[in-house]
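Remarks on the overall topology
Here is how the chains run, residue by residue.
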Amino acid sequence: MLAADLLLLGGIALCLLSVVLAVVQLARTQAPRAAILVFVAGILVLVFGASVDPDPFHPDDVVSAFQRVTAFATGG
């Protein structure tokens, strides 16, 4: 379960990072190639996370996954 949580949070983080990269690259009048690559990597991580966990992801899973990962990281 922890692997699926990490993959879910990692995929979301990569997709959010791609938005920031796209804004920065467009502000510099560059093509957002790195943003596209990071976005595709985020989607692939999400798909891999979905294949690890037999249950489908729901929006509520993001909060609970974050709580489980932080509890594991803090030793609680």
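Model, not experiment: these values are computed from the prediction.

All right, on to the pattern of salt bridges then. Across all of its chains, the model carries one salt bridge by this definition. Across the salt bridge formed by Arg68 and Asp5, the nearest N and O atoms sit 2.7 Å from each other. Of this pair, Arg68 sits in helix 3 (residues 59-74) while Asp5 is found in helix 1 (residues 2-27), placing the two residues 63 residues apart along the sequence. Look at Arg68 and you get partly exposed, because its relative accessible area is 34%. You can call Asp5 buried: its relative accessible area is 5%.

What follows covers helix 2 (residues 33-52). Under the 1.5 Å per step criterion, the end-to-end length of helix 2 is 29 Å for 20 residues, consistent within 8% with the ideal 28 Å. Taken together, the buried positions of helix 2 are Ala35, Val38, Gly42 and Gly49. Looking straight down helix 2, one finds that the buried residues subtend no more than 65° of arc, so they occupy a single side. More than 90 degrees from the buried face of helix 2, the exposed residues found are Arg33, Ile36, Leu37, Leu44, Val47, Phe48 and Ser51. Those residues of helix 2 that are buried lie in contact with helix 1.

Basis of the calculations
Residues numbered from 1 in each chain as written. Predicted model: local features only at pLDDT ≥ 70, side-chain atom pairs only at ≥ 80, totals over all residues. Heavy atoms only, no water. Salt bridge = Lys/Arg side-chain N within 4 Å of Asp/Glu carboxyl O. Helix = DSSP H or I, 4+ residues; strand = E, 2+ residues; numbered from the N terminus. Buried < 20%, exposed > 50% of the residue type's maximum accessible area, 1.4 Å probe, protein only. Expected span 1.5 Å × (residues − 1). Arc of directions from axis to C-beta. Contact = heavy atoms within 4.5 Å.

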